[in-house]
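# Report on the structure
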Amino acid sequence: MDAFEKVRTKLETQPQEEYEIINAEVKHGGFVYYQEGCCLVRSKDEEADNDNYEVLFNLEELKLDQPFIDCIRVAPDEKYVAAKIRTEDSEASTCIIVKLSDQPVMEASFPNVSSFEWVKDEEDEDVLFYTFQRNLRCHDVYRATFGDNKRNERFYTEKDPSYFVFLYLTKDSRFLTINIMNKTTSEVWLIDGLSPWDPPVLIQKRIHGVLYYVEHRDDELYILTNVGEPTEFKLMRTAADTPAIMNWDLFFTMKRNTKVVDLDMFKDHCVLFLKHSNLLYVNVIGLADDSVRSLKLPPWACGFIMDTNSDPKNCPFQLCSPIRPPKYYTYKFAEGKLFEETGHEDPITKTSRVLRLEAKSKDGKLVPMTVFHKTDSEDLQKKPLLVHVYGAYGMDLKMNFRPERRALVDDGWILAYCHVRGGGELGLQWHADGRLTKKLHGLADLEACIKTLHGQGFSQPSLTALTAFSAGGVLVGALCNFNPDLLRAVTLEAPFLDVLNTMMDTTLPLTLEELEEWGNPSSDEKHKNYIKRYCPYQNIKPQHYPSIHITAYENDERVPLKGIVNYTEKLKEAVTEHAKGAGEGYQAPSIILDIQPGGNHVIEDSHKKITAQIKFLYEELGLDSTSVFETLKKYLKF
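Residues numbered from 1 in each chain as written. Predicted model: local features only at pLDDT ≥ 70, side-chain atom pairs only at ≥ 80, totals over all residues. Heavy atoms only, no water.

Spelled out, the test is: UniProt positions are given in the numbering used here, feature names are shortened, and annotations may be inferred rather than shown by experiment.
By the naming in an unreviewed UniProt entry, the protein is Prolyl endopeptidase, taken from Hipposideros armiger. In its Subunit (unreviewed entry) section, the UniProt entry covering the protein states "Homodimer. Interacts with the AP-1 complex."

Next up, the structure:
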């Protein structure tokens, strides 16, 4: 999902100020491979922006509804290209393999493929490695060849249902790594790129609580791992022929409160993309002399978007924020400098402010917040406030560009992103302090953030809305139960609201995989009683609630619709019961459940969904929405 998010959030500004989503694009040799209309195409690198391209495959042949490509891999000698194709209303994907010849033809297709990579064997034959996904679980690894010597075999199956498998090809293409992971533990096997039919080699058997990821350079493995004290990520290295943990030597340590976002390896440099104390940094490590250069990135930047790149001389990436579209940057190793994309400066830079604030939680922990508002806003206490939260799985709150968020800031809204415990913004410990029997820390953090914002003059409860997606719904639903007076309105998308019943149902696809996050209420009474304390569904009671708008997806496999429907019905009953004794003049909150067709967990760029949510917020807060929808027309192709 992270890889998909990176390519889906790669946006570019059009002359009419519209923002268009660009699908996956890969450079290989002298060509660029990408999607043009309903076709997989390639063009000469220097002609990538022109209309001169060669059609490799027409996606309409797959008989799918509005298909798009979210991942492309080209075989080493460009004899084949593989592309993973999906639709917006489903998480299921199909991998097609196209033979590149005078008349390109689809050689094969595989359903339900998750990750895939090409390797060339000793006889110069292209071998495709891929993982098969069933019911959101990815346990099987296959390898296949095409042409005259067709083979397709499964050679690895993960037996533990709480783990999933994905493939990664090291930057130098020397090794294919088979990564077996759950939320807190990992294990990596190596496939030698020079002899891909040999059995995989284990680097280090899984140790509970130890995560590690592997890169390769000059017969050495570079291992990003949390082993040892403190239990945060650090970079280690070892000889490729002695990969076990007892041979790992410490190479580089991170500062406290640092999140490792990504790592990229080059011929003579290792580049670490970091988030430290809620600001973005790039650390460039010289591998010849172990020198370290730390670059603090512009304060407006909230997220990285990584580019696929094979140029050993440059490290390109993009920076973005919720209200500013991505901007390209390139670190050039020869010059030792960071260069930013030239061109006109986005006007949002001058018309808005970004603030980094902190709230003190009940136990004294300082919780970071990122706040956006218009520069010329007066009397911020009377402005509407939209608060964002997630706080689960060690994942950062999404800070990618969203045109509707920019439109809200243009219309005078304050946006606040609360980086509460349970997320990953301050490193692995930040996640550990907000999972299992510490989940209530995230709720206390969220409450402290909203109170701090109000206390510092940012809006007031009657003009405050709270929004969350998926697991973020746990904290939002809990806050609505325990302190509803802080809010006027709530929007939830595919929210997780019935934690207890879901985690007790082991027939659901993700229950076993997520025991490390929520606990096991079926076998552990302590976990069961603790979940009961915060579970949104379990704690609904007759009282005043903020108005709530829920967007759900009909065939969502990750958050079953049944739990959302049960929550909504129970909440409506509680609201009705409270209204009976509230006296004349009491205005009951609106409780809206908007069920969308399809089975995708989230469709971020759905104009229908965006329109419904914004309309709901403006109506509930008593605001005129004329201006915001006029602004949205500039940014979205309504």
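More follows now that the structure is in view.
## Considering the overall build of the protein
Rules: A run of H or I in DSSP becomes a helix once it reaches four residues, and a run of E becomes a strand once it reaches two; helices and strands are each numbered from the N terminus. A radius of gyration in this sense is built from C-alpha atoms; the matching globule rule multiplies 2.2 Å by the number of residues raised to 0.38. Type-normalised accessible area, obtained with a 1.4 Å probe on protein chains alone, sets the label of each residue: buried when under 20%, exposed when over 50%, and partly exposed for intermediate values. Residue contacts are defined here by distance: any two heavy atoms, one from each residue, within 4.5 Å place the two residues in contact. With residues, only the protein chains shown are counted as cover, and all accessible areas are computed by Shrake-Rupley using a 1.4 Å probe. In this tally Asp and Glu are treated as negative and Lys and Arg as positive; neither His nor the chain ends contributes. Charged groups are reduced to one reference atom each: NZ for lysine, CZ for arginine, CG for aspartic acid, CD for glutamic acid.
Across its full length, the protein carries 12 helices and 38 strands. Relative to a compact globule of 638 residues, whose C-alpha radius of gyration would be 26 Å, the protein shows 25 Å and is just as compact. Across its three principal axes, the protein shows a C-alpha extent of roughly 85 × 60 × 50 Å. Per-residue burial over the protein gives 58% buried out of 638 residues. Long-range contacts, defined as pairs at least 24 residues apart, comprise 54% of the intrachain contacts of the protein with a sequence gap of at least 6. Of the accessible surface of the protein, which amounts to about 27,200 Å², a share of 47% is contributed by carbon and sulfur atoms. Across the protein, the 75 positively charged side chains and the 98 negatively charged ones have centroids separated by 6 Å.

## Some thoughts on the packing of helix 11 (residues 607–620) against helix 12 (residues 626–635)
Operational definition: Every axis corresponds to a line fitted to the C-alpha atoms, with the helix fit spanning only the stretch in contact, and the corresponding angles, defined between N-to-C directions, vary from 0 to 180 degrees. Roughly parallel means an angle under 35 degrees; roughly antiparallel, over 145; roughly perpendicular, 65 to 115; everything else is oblique. What makes a crossing left-handed is the near helix being turned counterclockwise from the far one by less than a right angle; a clockwise turn instead makes it right-handed. The classification used treats Ala, Val, Leu, Ile, Met, Phe, Trp, Tyr, Cys and Pro as nonpolar, Asp, Glu, Lys and Arg as charged, and all other residues, Gly among them, as polar.
Viewed as axis vectors pointing N to C, helix 11 and helix 12 meet at an angle of 155°, and their least axial separation amounts to 11 Å. Judged on the interaxial angle alone, helix 12 and helix 11 are roughly antiparallel. The handedness of the crossing between helix 11 and helix 12 is right-handed. The residues of helix 12 that touch helix 11, namely those facing Ile 610, Thr 611, Ile 614, Lys 615 and Tyr 618, are Val 628, Phe 629 and Leu 632. Per-class residue counts for the contact of helix 11 with helix 12 are six nonpolar, one polar and one charged.

## A look at the packing of aromatic side chains
To keep things clear, this is the line we draw: Between 30 and 60 degrees the pair is tilted, below 30 it is stacked and above 60 it is edge-to-face, where a pair is any two Phe, Tyr or Trp rings, Trp via its six-membered ring, whose centres lie within 6.5 Å.
This structure, assessed with the given rule, holds 24 aromatic pairs. On the basis of an interplanar angle of 55° and a centroid distance of 6.4 Å, the ring pair of Phe 31 and Tyr 33 is categorised as tilted. The buried category is assigned to Tyr 33, whose relative accessible area is 0%. With centroids separated by 6.3 Å and ring planes inclined at 55°, the aromatic side chains of Tyr 156 and Trp 189 adopt a geometry described as tilted. Taken together, the residues span a long stretch of sequence, with Tyr 156 in strand 14 (residues 151–157) and Trp 189 in strand 17 (residues 186–192) at a distance of 33 residues. Using a relative accessible area of 14% as the deciding quantity, one classes Tyr 156 as buried. Among the aromatic residues, ring-to-ring pairing joins Tyr 80, Phe 110, Trp 118, Tyr 130, Tyr 142 and Phe 146 into one connected group.

## Section: the layout of surface pockets
To find leftover empty space, one rolls a probe the size of a water molecule over the atoms. What counts here: Cavity means a closed set of points on a 1 Å grid over the protein atoms alone, one where a 1.4 Å probe fits but cannot get out, pocket means an open set with protein on both sides within 12 Å along at least 5 of 7 lines, and lining means a residue has an atom within 4 Å of a point. Grid points are joined across faces, edges and corners, and a volume is the space filled by probe spheres set on the points.
By volume, the second largest pocket is sized at about 560 Å³. Together, 26 residues line the second largest pocket, and Arg 256, Asn 257, Thr 258, Leu 426 and Trp 430 are the ones closest to its centre. Those elements giving two or more residues to the lining of the second largest pocket turn out to be strand 31 (352–360), strand 32 (366–374) and helix 4 (428–432).

## Some remarks on unusual backbone geometry
The omega torsion of the bond from Glu 229 to Pro 230 falls at -10°, within 30 degrees of zero and hence cis. Of note in this structure, Tyr 393 is not a glycine but carries a positive phi near 60°. Checked against the element boundaries, Tyr 393 lands in the loop between strand 33 (385–389) and helix 3 (403–410).

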